[in-house]
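Listed below are the residues making up each chain.
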Amino acid sequence: MTTTSSTKVVPSDDELELLSRPPRSLWGDAWRRLRRNKLAMISLIYLIILVFVAIFAGPISPQSPGRPTGMELRERGTFRQAAWITDADPRRTGDWRFVLGTDSAGGDIFSRLIYGTRVSLIVGFIPMILTLLIGVIVGLISGFAGGWVDDLLMRFTDVVFALPGLLFFIIMQTAFGATALGKAFNGLLLLFITLSIVSWASVARLVRGQVLSLKEKEFVEAARAVGVSRTAILIKHILPNTLGPIIVAGAFIVPNAIISEAVLSYLGIGITPDLSPNAPFPTSWGNMILLGQGAINSQPWALAGPAIALASITIAFVALGDGLRDALDPREQ
Amino acid sequence: MLKRRLIVLLALITLVLPILAACGGSEATSTSAPAPTENTTGNAAPTEAPADTPTEAPADTPTEAPADTPTEETPAGNTDNVLVVHQVGYPDIFDPQKSSFSSEIVILAQAYEGLTRLNENLETVPAAAEKWEYNADATVITFTLRPDLKYSDGSPLTAANFEYAVRRTCDPETAGQYQSILFDIAGCGDLASTPTTDTAALETARGNVGVQTVDDSTLVINLAQPAPYFHTVASLWVMYPVKQEIVEKNGDNWWQEAENHVGNGPFKIDSIEENQEINFSRNDNYWNPAKLDGLKYIYIPDSSVALEAYRQGQIDIMTIDPSQLPAIKGDPEMSQEFLQYPAATTTDLDFNLTKAPFEDPKVRQAFAYAFDRETYCEVIRNGDCSPTLTWIPKGIPGYDAGEDRYAFDPEKAKQALAESTYGSADALPEITLAYNSNDPANQARHEFIAQNYQDILGVKITLEPQPSQEFSAARKSVETRRQLNLGGWIGDYPDPQNWLSVYWRCDAFAKRQGYCNEEADKLMTEGDTSTDPEARIKAYQEAQKIVVGDIPSVMLYNPTHIFLVKPYVTNYSQTAADDQWPGQWTPTTVELNK
Amino acid sequence: MFGYFIRRVLAIIPVLVVVAFVTFAMMKATKGGPFDANEKLSATTLKALNAKFGLNKPVWINTEGFSEAKAESSNPLHWVRGFLDSQFGNFAINALKGDFGPTYQSRGSETVQEVIARRFPVSLRLGLMATIFALIVGIPLGIMSALRQNTFLDYLSLVISTIGISVPSFVVGVLVVLLLSRVLNIKPIQPPEAWNGFGRAYIVPGIVLGLGTMAYVTRLTRSSMLEVKRQDYVRTAQAKGIASMVIIGRHMLRNALIPVVTILGPALANLITGSFIIESIFRVNGLGQEFVTAIQVRDYAMIMGTTLFFAALIALANVLVDLTYGFLDPRIRAKK
């Protein structure tokens with residue numbers, strides 16, 4: 001067991017220090033604890049680097065991410081292998097101008113990967129915020145209020161769980177596809193908003209489950225006994241204790257959104273291509289994974305590139321989430 | 001017929017992708033067929049299979065040599081004298097009078113046979129009927145059956161069985177999706193449009209269908225109008241003689257049980273395992289017994305899994321996905337087993353003639369001149385198609401080898417746009433190119449097309465991905481159809497009537513694009529009704545000249561069939577209609593030499 | 001307890017009614033109909049098909065049918081029937097009798113319930129395999145991670161579980177097939193008999209299907225174990241010198257499992273209704289493809305049938321989850 005520290009009777013130096021200093025804010029403490037978590041910090045730095053890559057995709061990309069035609073297309077070739085691979089077919093032999101090779105329409109995979117970062121980091125946060133917001137509010141109210149409120153809200157989440165998501169995506173596409181909302185971020189904004197609407201239910205139930213257990217705990221009873229208001233109990237005592245599962249769920253939302261986009265593209269609902277030369281979002285990782293999967297035999301890098309990118313960003317999110325959870329845990333030292 | 005090919009992983013996309021025959025081949029449709037421009041002729045002897053790639057091995061392809069180690073045979077492996085064929089999508093239904101997709105028909109065509117059939121050159125030859133005869137104005141056709149025909153269970157097969165097939169097809173209670181192909185038969189269309197609730201009218205209409213059994217070996221069909229091509233229609237699956245007793249006894253889902261498929265084709269169905277496999281064995285009662293002992297269709301929706309199964313020797317013939325072409329052509333072994341030949345399909349870029357700017361023929365001309373077909377087929381499609389400038393594909397009667405108008409020419413394209421009423425690209429309204437988003441490969445292809453027009457004409461095109469069902473629904477009327485989309489035609493039967501009259505007449509599919517040319521219509525009617533074969537072809541060719549010249553669509557390319565075939569499979573034919581596997585129409589000659 | 005269970009099961013009914021209404025409305029609002037796949041379909045045939053499947057009726061209510069029934073009969077029941085002789089009305093009435101109608105994909109030759117009955121057993125086996133995998137790998141991995149927080153084992157568990165969620169199953173599935181074939185010479189195509197019974201054929205697709213859930217279970221277990229680890233009663237137990245395995249088992253895990261159980265309900269329902277991607281890669285003849293295909297091809301009867309079936313499963317799974325809360329934490333039970 002690693003819990004030896006918790007059995008200590010004598011306060012540790014840290015605790016003494018805490019006692020002797022003016023109290024610091026929760027966030028200040030959390031930040032201090034987070035900084036000590038190496039993996040979390042590496043993840044944070046990695047994500048910050050990706051943000052810069054996303055912002056400066058244009059200058060960083062060695063090639064234009066668009067679709068070549070004519071001679072340029074013939075020069076690039078389709079399904080060209082990664083730079084270090086030689087192929088009997090000269091048109092498929094690696095070329096350092098196209099580091100990770102080219103895709104089915106002669107697009108430079110490396111440059112597209114760089115541009116794809118934008119979608120993952122900008123648009124990917126939308127479902128994270130929306131899903132957590134709706135899910136946490138519904139879950140807190142449902143679990144804490146109990147009774148008919150709980151019944152009603154939970155039956156409602158059952159309905160949301162059960163509705164065919166794919167159909168809902170199609171409907172949203174039909175209803176809003178032609179509006180400004182539908183066109184924003186090449187259709188991905190609408191896609192991810194829809195995704196949030198169908199996926200908050202899981203977070204709501206998760207939070208509710210925690211609340212059900214927490215509200216019977218001694219410290220809540222105690223707070224109630226001394227006359228703390230219900231809202232205050234909910235926000236000050238219960239919410240912080242549900243952060244663990246919320247953070248875990250939250251860390252999975254961004255990768256899940258990216259994968260969902262790929263799977264939905266499979267089903268015919270995905271990014272709307274934009275060919276204007278300055279298009280900010282020419283492609284996304286989800287889209288690249290989808291196209292790469294089709295080319296798995298001919299151009300493995302078309303799949304490997306975005307898949308590795310996605311896996312690394314997921315690990316970063318999850319590790320950062322772990323670090324945050326630990327940092328925010330009041331009992332943690 | 002309709003072709004169905006499931007895209008990569010998705011078995012799901014089923015109906016959608018179908019390479020729908022009809023007006024449609026969306027790009028999705030042609031998923032399967034790729035063909036290099038080099039070897040264009042079909043019917044090449046199987047041994048001199050195409051493979052336009054050099055034999056040397058590419059160093060690094062991820063694929064090592066196929067494991068040919070003699071591992072124990074799995075049940076799915078090929079044993080004995082049984083040909084194992086890969087199929088992509090499992091069909092929804094294989095009931096001759098209700099089926100419409102090529103994945104369904106390729107099952108039925110083994111177990112049943114029509115009055116006529118197509119040979120390796122796609123000519124209509126005797127099958128269950130040994131001969132047929134038209135009356136003078138081609139309004140009555142009389143089929144004479146072979147003597148002593150038997151079903152696979154030994155029971156006699158007579159003209160009455162074919163009469164039942166015709167009646168069942170036309171009946172509104174069957175409502176088979178392909179019934180209209182028999183509307184040339186007198187009374188068939190009337191019966192089909194009679195409401196099933198009106199019993200009296202139904203009885204009358206049933207009595208008026210122009211088909212009668214004169215005696216056991218003579219079937220007379222009265223046609224609604226002259227139809228000198230009807231003997232070819234008689235080869236289609238809707239005319240396959242299912243047994244009335246079986247259908248009536250077992251109800252609508254009779255076709256799900258193997259033993260209910262008592263047929264008259266070269267094989268009989270032994271077992272049906274949904275989404276897994278269908279097993280056939282030779283029908284010894286067939287008049288022209290097959291050389292194979294059996295045939296097995298294995299359903300593998302995922303193309304990478306299928307390729308691995310092929311490497312492992314679990315399948316003998318595999319349908320390739322175009323994205324696999326570079327890997328296959330680069331593989332020393334598989335490049336030798338690669339087979340490619342043209343399909344009886346034409347893909348074009350359809351305009352909506354009722355929407356600006358495509359009401360202007362000059363704009364259409366500009367778009368026709370500006371399409372870089374060579375680059376598209378060779379690079380974007382990895383050589384799985386060959387550019388064309390005309391409508392009827394090579395190998396089908398009526399093909400116009402001399403058509404050379406509107407070949408790729410950027411200068412002429414710009415000039416045509418300048419001469420249009422719009423004058424320049426900037427003056428054009430917004431142009432939308434719709435495509436079927438259920439085939440993931442479609443996105444990159446359409447991005448190329450849009451970019452191509454932007455680079456050459458300076459036109460900005462908005463891409464609109466639509467889920468397949470929405471895509472095909474939108475294309476059914478000029479109001480909902482977008483200005484541009486890929487389309488085309490997959491032949492139902494090799495007669496120019498099917499290519500021109502069924503598609504380009506004012507009241508046919510052309511209507512959905514807002515195209516109508518009375519003069520061409522007149523020529524097509526002449527072709528449909530003339531009994532002189534040469535005069536027919538001539539009339540159709542003239543009609544085709546007019547249609548292609550009007551540019552309701554930019555003629556783009558003919559896709560090819562692409563397969564991997566193990567070297568020990570021999571004597572199979574290659575026809576433009578082989579949507580599922582080489583030799584599917586003449587399976588009796590196929591041999592295994594292991 | 002039993003009364004609570006009955007009450008909750010009955011509460012599924014309104015859920016199903018709402019799901020039916022909303023799904024039907026969404027379905028009707030989508031563009032494209034069930035017969036649009038065949039672009040060569042003639043107008044005549046389309047009319048016959050619409051009549052055959054009752055699509056020529058009004059969508060929600062049939063006022064014409066109501067007037068007709070009123071003219072013909074004096075029985076108010078007939079009037080109601082006439083009023084409900086609509087697409088939704090007929091669906092609802094037949095559904096109450098347990099008949100979800102003929103599927104359009106099979107051209108009406110089989111019913112929705114036949115398809116579900118045939119395919120569900122296969123999906124159930126696959127889903128159970130996936131769930132078992134997710135639990136027997138996920139929970140221990142999570143516990144290990146929590147007990148050895150911020151050590152190499154914690155990071156290892158992080159990487160293992162992340163693979164499950166960061167690579168789409170259509171990628172993992174294909175890679176697994178290729179790997180097994182190249183390395184272990186396990187051929188990609190299983191004979192049809194392999195899917196009978198609870199055979200070995202289910203193992204690999206089950207694992208691939210369960211990867212995502214496994215990842216989620218692992219992370220949640222870790223997080224709640226850490227939470228529980230420092231609770232007073234655990235400290236007390238430790239102070240009393242209770243053996244650590246007993247502490248983990250009896251005291252910590254019980255409380256820590258609440259989030260896991262919560263997600264497990266819907267996850268189980270999801271897993272046993274299958275995944276179309278896994279089914280298509282491993283050629284499993286399950287229900288997952290039906291869910292997706294039905295929507296793609298606008299097979300109205302099949303959409304309604306599969307959705308309601310799924311809704312019932314989800315709701316039932318959530319009832320079980322709520323009951324399990326009581327078992328895991330008696331104080332919650334006391335409230336019921």
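Residues numbered from 1 in each chain as written. Chains lettered and ligands numbered in written order. Predicted model: local features only at pLDDT ≥ 70, side-chain atom pairs only at ≥ 80, totals over all residues. Heavy atoms only, no water.

**With respect to the overall build of chain C**
Reasoning step 1: Tallying secondary structure elements over chain C gives 16 helices and 0 strands in all.
Reasoning step 2: Scaling as 2.2 N^0.38, a compact globule of 336 residues should have a C-alpha radius of gyration of about 20 Å, whereas chain C reaches 25 Å, well beyond that.
Reasoning step 3: For chain C, the spread of C-alpha atoms along the principal axes amounts to about 85 × 55 × 35 Å.
Reasoning step 4: Here chain C holds 336 residues, and the buried ones make up 60% of them.
Reasoning step 5: Within chain C, contacts between residues at least 6 apart in sequence are counted, and of these 74% link residues at least 24 apart. (Helix = DSSP H or I, 4+ residues; strand = E, 2+ residues; numbered from the N terminus. Rg over C-alpha atoms; globule rule 2.2 N^0.38 Å. Buried < 20%, exposed > 50% of the residue type's maximum accessible area, 1.4 Å probe, protein only. Contact = heavy atoms within 4.5 Å.)

**Here we look at the pairing of strand β1 (residues 82–87) of chain B**
Residue and element names in this part refer to chain B.
Reasoning step 1: Counting buried residues along β1, 5 of its 6 residues qualify, which places the element largely inside the surrounding structure.
Reasoning step 2: Judged from the 6 bridges that link them, β1 and strand β10 (residues 294–299) form a sheet pairing that is parallel. Bridge pairing in β10 places Val 85 opposite Tyr 297. (Pairing = 2+ DSSP bridges.)

**A closer look at the interface of chain B and chain A**
Reasoning step 1: With 43 residues of chain B at the interface, the matching set in chain A holds 38 residues.
Reasoning step 2: On inspection of chain B and its partner chain A, the count reaches 2 salt bridges.
Reasoning step 3: Notably, a salt bridge pairs Glu 447 of chain B with Arg 67 of chain A, separated by 2.4 Å at the nearest N-O pair.
Reasoning step 4: Counting every contact that joins chain B to chain A gives 13 residue pairs in polar contact (both at pLDDT 80 or more). (Salt bridge = Lys/Arg side-chain N within 4 Å of Asp/Glu carboxyl O. Polar contact = N/O pair within 3.5 Å; in protein donor to acceptor, adjacent residues only side chain to side chain.)

**Side note on the state of the cysteines**
When the sulfur atoms of two cysteines share a covalent bond, that bond is a disulfide.
Residue and element names in this part refer to chain B.
Reasoning step 1: A full pass over the atoms with the stated rule returns 3 disulfides over all chains.
Reasoning step 2: Between the sulfur atoms of Cys 506 and its disulfide partner Cys 516 the distance amounts to 2.0 Å. Because the torsion about its S-S bond is 85°, the bridge between Cys 506 and Cys 516 counts as right-handed. Placement of Cys 506 in the loop between α15 (501–504) and α16 (518–529) and of Cys 516 in the loop between α15 and α16 is noted, with a sequence separation of 10 residues between them. (Disulfide = S-S within 2.5 Å.)

**Comments concerning the interface of chain B and chain C**
Reasoning step 1: With 77 residues of chain B at the contact, the number on the chain C side is 53 residues.
Reasoning step 2: For the pair chain B and chain C, the summed buried area comes to about 5300 Å², and 51% of that belongs to carbon and sulfur atoms.
Reasoning step 3: One can count 5 salt bridges joining chain B with chain C.
Reasoning step 4: Close ionic contact of Glu 308 of chain B with Arg 182 of chain C constitutes a salt bridge, the shortest N to O distance being 2.9 Å.
Reasoning step 5: For the pair chain B and chain C, the interface holds 22 residue pairs in polar contact (both at pLDDT 80 or more). (Buried area = accessible area lost by both parts, 1.4 Å probe.)

**Let's talk about the confidence of the model for chain A**
Residues and elements named next belong to chain A.
Reasoning step 1: Mean pLDDT for chain A: 81, with 91% of residues reaching 70 or above.
Reasoning step 2: The least confident element of chain A is helix α1 (residues 13–20), whose mean pLDDT is 50; the most confident is helix α3 (residues 38–55), at 90.
Reasoning step 3: Segment residues 1–12 is flagged for pLDDT under 50; beyond a separation of four residues in sequence, or across chains, it makes 13 contacts in the model. (pLDDT = per-residue confidence, 0-100.)

**Let's talk about the packing of helix α15 (residues 300–328) of chain A against helix α10 (residues 203–229) of chain C**
Reasoning step 1: Following both chains from N to C, one finds α15 of chain A and α10 of chain C inclined at 15°, their axes separated by 11 Å at the closest point. As judged from the angle between their axes, α15 of chain A and α10 of chain C are roughly parallel. Relative to α10 of chain C, α15 of chain A is oriented so that their crossing is right-handed. Taking contact as the criterion, the partners of Val 318, Asp 322, Arg 325 and Asp 326 of chain A in α15 of chain A are, on α10 of chain C, Arg 219, Arg 222, Ser 223, Leu 226 and Glu 227 of chain C.
Reasoning step 2: For the contact of α15 of chain A with α10 of chain C, the residue count by class is 2 nonpolar, 1 polar and 6 charged. (Axes fitted to C-alpha atoms, helices over the stretch in contact; angles between N-to-C directions. Parallel < 35°, antiparallel > 145°, perpendicular 65-115°, else oblique. Left-handed = near helix turned anticlockwise from the far one by under 90°. Nonpolar A, V, L, I, M, F, W, Y, C, P; charged D, E, K, R; others polar.)

**Things to note about the nonpolar core**
Reasoning step 1: Of all hydrophobic cores here, the largest spans 196 residues; its most connected members are Ile 238 of chain A, Leu 564 of chain B together with Phe 170 of chain C.
Reasoning step 2: With 18 residues, helix α13 (residues 230–266) of chain A is the largest single contributor of residues to this core.
Reasoning step 3: The residues touching Ile 238 of chain A, leaving out its near neighbours within four places in the chain, are Leu 140, Phe 144, Val 211, Leu 214, Lys 215, Val 220 and Ile 233 of chain A. (Core = buried A, V, L, I, M, F, W, Y, C linked by side-chain atoms within 4.5 Å.)

**A few points about the confidence of the model for chain C**
Residue and element names in this part refer to chain C.
Reasoning step 1: Looking at chain C, the pLDDT average stands at 82 and 91% of residues meet or exceed 70.
Reasoning step 2: Across chain C, helix α7 (residues 112–147) holds the top mean pLDDT of 88, while helix α16 (residues 330–335) sits lowest at 60.
Reasoning step 3: Of the two predicted TM-score estimates for the complex, the pTM is 0.84 and the ipTM is 0.86.

**A few points about the environment of Val 176 of chain C**
All names here are of chain C.
Reasoning step 1: On the secondary structure map, Val 176 appears in helix α9 (residues 169–183).
Reasoning step 2: Sequence-wise, Val 176 and Val 297 are 121 residues apart; in three dimensions their C-alpha atoms are separated by 30 Å.
Reasoning step 3: Ignoring sequence-local partners within four residues, the contact set of Val 176 consists of Val 204 and Val 208.

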